[in-house]
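The lines below spell out each chain.
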Amino acid sequence: MKVKVISRNPDDYIRETKRDVHRVPRNYDPTLHPFEVCREYTQALNATKLERVFAKPFLASLDGHRDGVNCLAKHTKSLSTLLSGSCDGEVKVWNLTKRECVRTLQAHEGFVRGLVVRFCGTSFFSVGDDKTVKQWKMEAPGYGAEEEPLSTILGKTVFTGLDHHQTNGMFATCGQQVDIWDEQRSSPIRSFTWGVDSFSSVRFNPVETELLASCASDRSIVLYDMRESAPLKKVIMKMRSNTLCWNPMEAYYFTSSNEDYNLYTYDMRYLKEPVAVHMDHVSAVLDVDYSPTGREFVSASFDKTIRIFKKDQTHSREVYHTKRMQHVICVKWSADSKYVLSGSDEMNIRIWKANAAEKLGVMLHREKAAANYNQRLKEKFQHHPKIRRIAQHRHLPKSVYHEAKQQKIMRQASSRKERNVRKHSKPGSVPVLSEKQKHVVAEVK
């Protein structure tokens, strides 16, 4: 005869110490959980609501400049160091951990147009309206010593942009032409022109380090190879691009910020039309910077807002603004991918969280597990109407809200007019253009 005995091992359910978590036996048999999806949906809805409740992106404001912040630069080796240049020629070095200015130097007369840290992190370069390029030591001088640049190069024209090579002692400037400089020489080793009177921005490719791109005043974006004697090709757009930024993970892709309120992501191998058009801003976009992961980028606009976009999505996933923040001139994404730094007209640098609802500081293992589980649930149910509405809703300043509404009406009117013209014209005489094709004039090689 078979006798069934109930066997209980205390090790299976009794805690070893008082600080341990109670062990709970669970049976994962799906037949015992008939309403699993319903419970998951409720949990996803609650997680989405809590995410909006805890979305407090603003962390700190760094004040100390006496004029608008015109440019920012990240340190290549230190996460906690930031450099900023203002419109009165002053450069400040900040310690982000302590949230204080550790060094101030009067670098130029007039605007500081560009700042970049050398790849080794021992020095940095600045350009300004006084037609000079100056190299400075990263360490502050000793007590009583004067601030003196390591080297000064006097140019023939005003420089408007600056970037440094990723691995070599070379840097690029732009103004009336794009110049490539060797740190040891006082004249450019190569100059590029293509019938353009001025350039506003120049950027080295972080992956294919010999490539660089610039934004020109004739509405074009020009690509160069340092090993060539002439530019490679350019794309001419309907309106002027202000700045551009290369994707740090995908060598061929770059995103440009444009005066027509949009951003455009291009594949440099195929410039006839952009890979993606990113809309949502209601005024000119002034700056753009990629996250180190290459999956997202942040944009700064004249409409007093900062927006975070996924690299392949048309609309932004996040918008940041404050009552005091004026026109945002420059923006950077920190090298640890957790923070966004913005410099604006009213002399302040602001630190924001890249994920508005993210909890900062040390998290327990169970907190991490719960956060990851909630994130997966939100992704699973993201297309349900109620969850989508809560997740996408953002409060906007009144001016931005009404301007966005106005632009939507104008876009609808324009497309309606185009449809009517096509309807009453000879078939094929009015071609159908996609949103990507509308903004590009030509590709020139």
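Each remark here, short or long, concerns the structure printed above.
Owing to the predicted nature of the structure, the values given are computational and were not obtained by experimental measurement.

Q: Explain the overall build of the protein to me, and be specific about the residues and the numbers.
A: Helix and strand content of the protein: five helices and 29 strands. The principal-axis extents of the C-alpha atoms in the protein amount to approximately 100 × 80 × 45 Å. Residues counted as buried form 43% of the 445 residues belonging to the protein. For the protein, the accessible surface area stands at approximately 25000 Å², while carbon and sulfur atoms represent 52% of it. For the protein, the distance from the average position of its 71 positive side-chain charges to the average position of its 52 negative side-chain charges is 9 Å.

Q: Can you tell me about the pattern of salt bridges, naming the residues and giving the values?
A: Summed over the entire model, instances satisfying the criterion amount to 21 salt bridges. One salt-bridge network, in which partners are shared between bridges, spans Glu-296, Arg-317, Glu-318 and Arg-394.

Q: Lay out the nonpolar core with the relevant residues and their values.
A: Counting residues in each nonpolar core, the largest one holds 17 residues, and the members touching the most others are Ile-221, Leu-223, Trp-246, Phe-254 and Tyr-266. Among the secondary structure elements, those contributing two or more residues to this core are strand E15 (211-216), strand E16 (220-225), strand E17 (233-237), strand E18 (241-246) and strand E20 (263-267). Residue contributions to this core peak at three residues, all from E15. One finds Ala-172, Val-196, Phe-199 and Val-202 within the second-largest nonpolar core, a separate group that totals 15 residues.

Q: Describe the sheet that holds strand E10 (residues 161-164), with residues and values.
A: In spatial order, the strands read E10-E11-E12-E13; together these four strands make up an open sheet with antiparallel pairing. Of all strands in the sheet, those bounded by a partner on one side alone are E10 and strand E13 (190-192). In this sheet, adjacent strand axes meet at a mean angle of 20° when their direction is disregarded. Of the pairings in the sheet, the one linking E10 to strand E11 (residues 170-174) comprises four bridges and is antiparallel in character. The residue of E11 that forms the bridge with His-164 is Phe-171.

Q: So what about empty space enclosed by the protein? Which residues, and what values?
A: Under the criterion given, the structure shown has two cavities of 30 Å³ or more. Counted as a void, the largest cavity has a volume near 60 Å³. Lining the largest cavity are Lys-74, His-75, Ser-78, Leu-79, Thr-81, Leu-82, Leu-96, Ser-334, Ala-335 and Leu-341. For the lining of the largest cavity, the residue count by class is five nonpolar, four polar and one charged. Volume-wise, the second largest cavity comes out at about 40 Å³.

Q: Residues and numbers for unusual backbone geometry, please.
A: At Tyr-261, a residue that is not glycine, the phi angle is positive and equals roughly 75°. Its location among the elements puts Tyr-261 in the loop between strand E19 (253-258) and E20. For Tyr-261, a relative accessible area of 31% gives the class partly exposed. The phi dihedral of Met-347 falls on the positive side, at around 75°, and the residue is not glycine. Residue Met-347 is classed as partly exposed on the basis of its relative accessible area of 32%.

Q: Let's hear about the pairing of strand E28 (residues 348-353): which residues, and what values?
A: Across the six residues of E28, six count as buried, placing the element largely inside the fold. On E28, burial covers both faces: Asn-348, Arg-350 and Trp-352 on one face and Ile-349, Ile-351 and Lys-353 on the other are all buried. In the sheet, strand E1 (residues 58-63) pairs with E28 via five bridges, with the strands oriented antiparallel. Among the inter-strand pairings, Ala-60 is bridged to a residue of E28, identified as Ile-351. Here five bridges tie strand E27 (residues 339-344) to E28, and the two strands are oriented antiparallel to one another. Bridged to Leu-341 within E28 is Ile-351. Linkage of E27 to E28, two consecutive antiparallel strands, is achieved through a turn of three residues, within which Met-347 is found at a positive phi near 75°.

Q: How would you summarise the packing of aromatic side chains if you had to cite specific residues and measurements?
A: One pair of aromatic rings is described through two measures. These are the centre distance and the angle between the planes. Scanning the model with the defined rule gives 11 aromatic pairs in all. With a centroid separation of 5.7 Å and 75° between ring planes, the pair formed by Tyr-41 and Phe-381 is classed as edge-to-face. With Tyr-41 in helix H1 (residues 36-53) and Phe-381 in the loop between helix H2 (365-380) and helix H3 (385-392), this pair connects stretches of sequence that are 340 residues apart. Taking the relative accessible area as the measure of exposure, Tyr-41 reaches 26% and is therefore partly exposed. Classification of Phe-381 by relative accessible area gives buried; the value is 5%. Their ring planes at 25° and their centres at 5.7 Å tell us that Phe-254 and Tyr-266 sit as a pair that is stacked. Pair noted here: Phe-254 is in strand E19 and Tyr-266 is in strand E20, with a separation of 12 residues, a long-range link. Judged on exposure class, the residue Phe-254 and its partner Tyr-266 are both buried. An aromatic cluster is defined as three or more aromatic residues linked by ring pairs; in this entry it consists of Phe-125, Phe-159, Phe-171 and Trp-181.

Definitions and limits used
- Residues numbered from 1 in each chain as written.
- Predicted model: local features only at pLDDT ≥ 70, side-chain atom pairs only at ≥ 80, totals over all residues.
- Heavy atoms only, no water.
- Helix = DSSP H or I, 4+ residues; strand = E, 2+ residues; numbered from the N terminus.
- Buried < 20%, exposed > 50% of the residue type's maximum accessible area, 1.4 Å probe, protein only.
- Areas by Shrake-Rupley, 256 points an atom, 1.4 Å probe, with all protein chains shown as cover.
- Lys, Arg positive; Asp, Glu negative; His and termini not counted.
- Charge placed at Lys NZ, Arg CZ, Asp CG, Glu CD.
- Salt bridge = Lys/Arg side-chain N within 4 Å of Asp/Glu carboxyl O.
- Core = buried A, V, L, I, M, F, W, Y, C linked by side-chain atoms within 4.5 Å.
- Pairing = 2+ DSSP bridges.
- Axes fitted to C-alpha atoms, helices over the stretch in contact; angles between N-to-C directions.
- 1 Å grid on protein atoms, 1.4 Å probe; cavity = no way out; pocket = protein on both sides within 12 Å on 5 of 7 lines; lining within 4 Å.
- Points joined across faces, edges and corners; volume = space filled by probe spheres on them.
- Nonpolar A, V, L, I, M, F, W, Y, C, P; charged D, E, K, R; others polar.
- Phe/Tyr/Trp six-rings, centres within 6.5 Å; stacked < 30°, edge-to-face > 60°.

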